[in-house]
Amino acid sequence: MIVVTGATGNIGRSLVGRLLEEGVPVRALTRDPARAGLPVRTEVVRADLTADTDLVPLLGGADALFLNLAAGGGESAQRLIDAAVEAKVPRLVLNSSLGVTDTPDDETNFISRSHAAVERAVRASGLEWTFLRGGNYATNALGWAPTVRRDGVVRDPHPGAQGAPIHEADLADAAAVALLDRAGTHVHQVHRLTGPEVLTNAQQVAAIAEAIGRPVRIEQIPEDEAAEAMAGPHLPLAAARELIGLFGRTVDAPVFPVTDTVARVTGHPARPFAQWARDHAADFS
Ligand SMILES: NC(=O)c1ccc[n+]([C@@H]2O[C@H](COP(=O)([O-])OP(=O)(O)OC[C@H]3O[C@@H](n4cnc5c(N)ncnc54)[C@H](OP(=O)(O)O)[C@@H]3O)[C@@H](O)[C@H]2O)c1
């Protein structure tokens, strides 16, 4: 049985489906089982990972844990790691970030620092681990959906920012492989996962317009305005500013190289952004 945190989220929902397809029992953690909308075969368990409750019972009998920082943040992650040790869960697959570089640069921004800290805690735990360092999630483009639906506009500070957006289904497929890996091939491995091609934000917007069959205009806005819109419970305003600044540095500059890790780990090529846009056309329509 596999315990999935963030089970109703972008990666988690896809991962739960994938594991069930493989015939593997899944315990999906969510703050609200009534709204989870997960397949009936899923064991859906209520858990607020930021609450001061014992996490060990959530993990009893698990063969592996999928740990996503989106579900409660770094402190919850540390408590879950400790609980996994106590519950004798042999394996943990961490949804980390391509921002982690194993260099002093990791201390220079919130994203790298927070994921690197959890990676260190996992390494120190003695559990079998796999780190999925994904970068530039295609789902970031969902932040554009409300204004695309309302006005056919994307307001973005850096239309020329570049990345290699990765489909959540590719992250989920890679996670499933690592969680179910009987041979131990993926144990103590760091997988750096990207989408298949480098695109600017403007090119992503064009792919979305193509997928929904309507024109979408880009309007450039100041960095501060974008940071305020991006900040939220798990992303302080200062961190949002850092992130927007990092995106800005990818304009007309080399970006993280595209990796072939999705293909190597999952056996299928990484899904292109155009496919992601088609898969999510309803979100923008
Ligand atoms: N965006 C990027 O480009 C990028 C790049 C590298 C790494 N990452 C990593 O990927 C993560 C995002 O993954 P994702 O897109 O799959 O996440 P997501 O869609 O935002 O899913 C988060 C899920 O976590 C659950 N959750 C939130 N607070 C919780 C709490 N207190 N207790 C229990 N569950 C809670 C929510 O489920 P319920 O509402 O059902 O409780 C939600 O569905 C980021 O946080 C970051 O660590 C992102």
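My aim in this report is to walk through the structure given alongside it, one point at a time. Just so you know, these numbers come straight off a predicted model, no measurement behind them. (Residues numbered from 1 in each chain as written. Predicted model: local features only at pLDDT ≥ 70, side-chain atom pairs only at ≥ 80, totals over all residues. Heavy atoms only, no water.)

Quick look at helix α4 (residues 73-86)
Worth spelling out the cut-off: Strands are runs of DSSP state E lasting at least 2 residues, helices are runs of H or I lasting at least 4, and numbering of each runs from the N terminus. A helix is expected to span 1.5 Å multiplied by its residue count minus one. With a 1.4 Å probe rolled over the protein chains alone, any residue whose accessible area is under 20% of its type maximum counts as buried; one over 50% counts as exposed, and the rest are partly exposed. Think of it as the arc spanned by the lines of direction from the helix axis to the C-beta atoms.
When the terminal C-alpha atoms of α4 are compared, their 20 Å separation across 14 residues agrees well with the 20 Å that a helix rising 1.5 Å per residue should span. Listing the buried residues of α4 in full gives Gly73, Ser76, Ala77, Leu80, Ile81, Ala83 and Ala84. Angularly, the buried residues of α4 cover 165° about the axis, an arc narrow enough to put them on a single face. The outward face of α4, more than 90 degrees from its buried face, is lined by the exposed residues Glu75 and Glu86. Among the residues trailing α4, Lys88 stands out with phi positive, at a value near 60°.

Things to note about unusual backbone geometry
Its identity as a non-glycine residue notwithstanding, Asn136 has a phi of 55°, on the positive side. For Asn136, the position within the fold is in the loop between β6 (128-134) and α6 (145-151).

Here we look at the sheet that holds strand β2 (residues 26-30)
Rules: Whether two strands pair depends on DSSP finding at least two bridges between them. Fitted lines through C-alpha atoms serve as axes, helices being fitted only where they are in contact, and the angles separating the N-to-C directions of these axes extend from 0 to 180 degrees. A contact between two residues is defined here by any heavy atoms of the two lying within 4.5 Å.
Spatially, β3-β2-β1-β4-β5-β6-β9 is the arrangement adopted by the 7 strands of the open sheet, whose pairing is parallel. Two strands lie at the open edges of the sheet, namely β3 (43-46) and β9 (189-193), each paired on one side alone. Going from strand to strand, the sheet's axes swing by 20° on average, the running direction of each strand aside. Relative to β3, β2 runs parallel, the two sharing 4 bridges. What sits directly across from Arg27, in β3, is Glu43. The strands touched by helix α5 (residues 110-125) are β4 (64-68), β5 (91-97), β6 and β9; relative to β5, the strand with the most contacts, the crossing angle is about 165°.

Thoughts on the packing of helix α9 (residues 223-230) against helix α10 (residues 237-248)
Between two packed helices, both the angle of their axes relative to each other and the distance between the axes serve to describe the pair. Threshold: An angle below 35 degrees is treated as roughly parallel, one above 145 as roughly antiparallel, one from 65 to 115 as roughly perpendicular, and anything else as oblique. It is the rotation of the near helix from the far one that decides the hand of a crossing: anticlockwise by less than a right angle makes it left-handed, clockwise makes it right-handed. Amino acids outside the nonpolar list (Ala, Val, Leu, Ile, Met, Phe, Trp, Tyr, Cys, Pro) and the charged list (Asp, Glu, Lys, Arg) are all regarded as polar, and Gly is one of them.
Two elements in contact, α9 and α10, have axes whose closest approach is 8 Å; the angle formed by their N-to-C orientations is 130°. When the axes of α9 and α10 are compared, the pair comes out oblique. Classified by chirality, the crossing of α10 by α9 is right-handed. Between α9 and α10, the contacting residues are Glu223, Asp224, Ala226, Ala227, Glu228 and Met230 on the first element and Leu237, Ala240, Arg241, Leu243, Ile244, Gly245 and Phe247 on the second. Here the contact of α9 with α10 is composed, by residue class, of 8 nonpolar, 1 polar and 4 charged.

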